[in-house]
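What the coordinates show
Residues per chain, in single letters:
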Amino acid sequence: MERFRKIQHILRSGKWHPNSSGEVSAVLLALGIDARFNEGCSRLFEWLCGGNPLSSGPESENIEEVEDMEDVIILITSDSVHLYCNPINSNALLQVLGKINNLQLHCLNTELYKDSDFAQEFKVKTFIQMTTPHAVVGVPYFAVHDPSQSFDPMKLESEWPIVMSYAAEELGGHGFFTLGHEVVELSPYLEEVYAELDPSSLRD
């Protein structure tokens, strides 16, 4: 998965180093209700899976065919990719993402997933465990970079249920996510990445 490797290379290079306490060490995206159907996350996911966000048609048709694609969380670090998904969408996701080096899969089996309370707790614990080591986390909040737009990290606390869940101390949480992590909005950086030609974009 060349595009995942491209993001990992950028993280290793320290290129995404805004006026902050450190370099972005992880990129977080969530699909569906967990991020209030955030368009920036959807755009990055489409691009990672081979679609060209500068055009209208994604290449990864098998991803689009999945009915329940909203229960997905991805955290990209310099040397690994964490993928939370469920037994409904896992097969389709792994057809596209299964060849990623050092893929860390977090997915319940069908029987355990039937227990909605257990499944929700598993998702929250997974999110907490995957994000806790990273002091500076990048998110693709805006689908398109617009200098007139301002980003307030506290929006994630009020808008993204999965980020709100980070405060669940009974599940291992550590208080407000934005107090424990610096959050960097990635759209100005991603615009440059999306514009670069690569084999997938040339096929479009």
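Use the structure listed above.
A brief report on the enclosed structure follows. Since we're looking at a predicted model, the values are computed, not measured. (Residues numbered from 1 in each chain as written. Predicted model: local features only at pLDDT ≥ 70, side-chain atom pairs only at ≥ 80, totals over all residues. Heavy atoms only, no water.)

What follows deals with the environment of Phe-118. Summarising the element assignment, Phe-118 is placed in helix 6 (residues 116-131). Residue classification places Phe-118 among the partly exposed positions, given a relative accessible area of 38%. For Phe-118 and Leu-108, which are ten residues apart along the polypeptide, the C-alpha to C-alpha distance reads 9.7 Å. Sequence-distant contacts of Phe-118, that is, excluding residues within four places in its chain, are made with Leu-108 and Leu-112. (Helix = DSSP H or I, 4+ residues; strand = E, 2+ residues; numbered from the N terminus. Buried < 20%, exposed > 50% of the residue type's maximum accessible area, 1.4 Å probe, protein only. Contact = heavy atoms within 4.5 Å.)

What follows covers the environment of Val-124. When you line up the elements, Val-124 lands in helix 6. Take Val-124: its relative accessible area is 4%, and that puts it in the buried class. For the pair Val-124 and Ala-167, spaced 43 residues apart in the sequence, the C-alpha separation amounts to 9.8 Å. Excluding its chain neighbours within four sequence positions, the residues that come into contact with Val-124 are Ser-165 and Leu-171.

Our focus in this paragraph is the pattern of salt bridges. Across all of its chains, the model carries eight salt bridges by this definition. Residue Glu-2 is joined to Arg-5 by a salt bridge in which the shortest nitrogen-to-oxygen separation is 3.0 Å. Here Arg-5 and Glu-2 lie together in helix 1 (residues 2-13), a separation of three residues that amounts to about one turn. With a relative accessible area of 37%, Arg-5 lands in the partly exposed category. In this structure, Asp-198 engages Arg-3 in a salt bridge whose closest nitrogen and oxygen atoms are separated by 2.8 Å. (Salt bridge = Lys/Arg side-chain N within 4 Å of Asp/Glu carboxyl O.)

Reading across the sheet, the six strands line up as 4-3-2-1-5-6 and stay open at both edges, with mixed pairing between neighbours. Of all the strands in the sheet, the pair left with one neighbour each is strand 4 (103-106) and strand 6 (182-185). For this sheet, the mean inter-axis angle between neighbouring strands, taken without regard to orientation, is 20°. As paired elements, strand 2 (residues 72-77) and strand 3 (residues 81-84) share four bridges and run antiparallel to each other. From the neighbouring strand, Ile-76 faces strand 3, where its bridge partner is Val-81. The strands touched by helix 1 are strand 1 (26-31), strand 2 and strand 3; relative to strand 2, the strand with the most contacts, the crossing angle is about 50°. Packing against the sheet, helix 6 makes contact with strand 1, strand 2, strand 3 and strand 4, and its axis sits at approximately 165° to strand 3. (Pairing = 2+ DSSP bridges. Axes fitted to C-alpha atoms, helices over the stretch in contact; angles between N-to-C directions.)

Attention shifts here to the side chain of Ser-165. Along the chain, Ser-165 turns up in the loop between helix 8 (161-164) and helix 9 (177-180). Classification of Ser-165 as buried rests on a relative accessible area of 13%. Not counting residues within four places of it along the chain, the set of residues in contact with Ser-165 comprises Val-124, Phe-127 and Ile-128.

As a further point, take unusual backbone geometry. Although it is not a glycine, Phe-37 adopts a positive phi angle of roughly 55°. Even without a glycine there, the phi angle at Asn-102 is positive, about 55°. Looking at where Asn-102 falls in the secondary structure, it is placed in the loop between helix 4 (90-97) and strand 4. Here Asn-102 falls in the partly exposed class, since its relative accessible area comes to 43%.

Distances and angles like these do not, on their own, reveal function.
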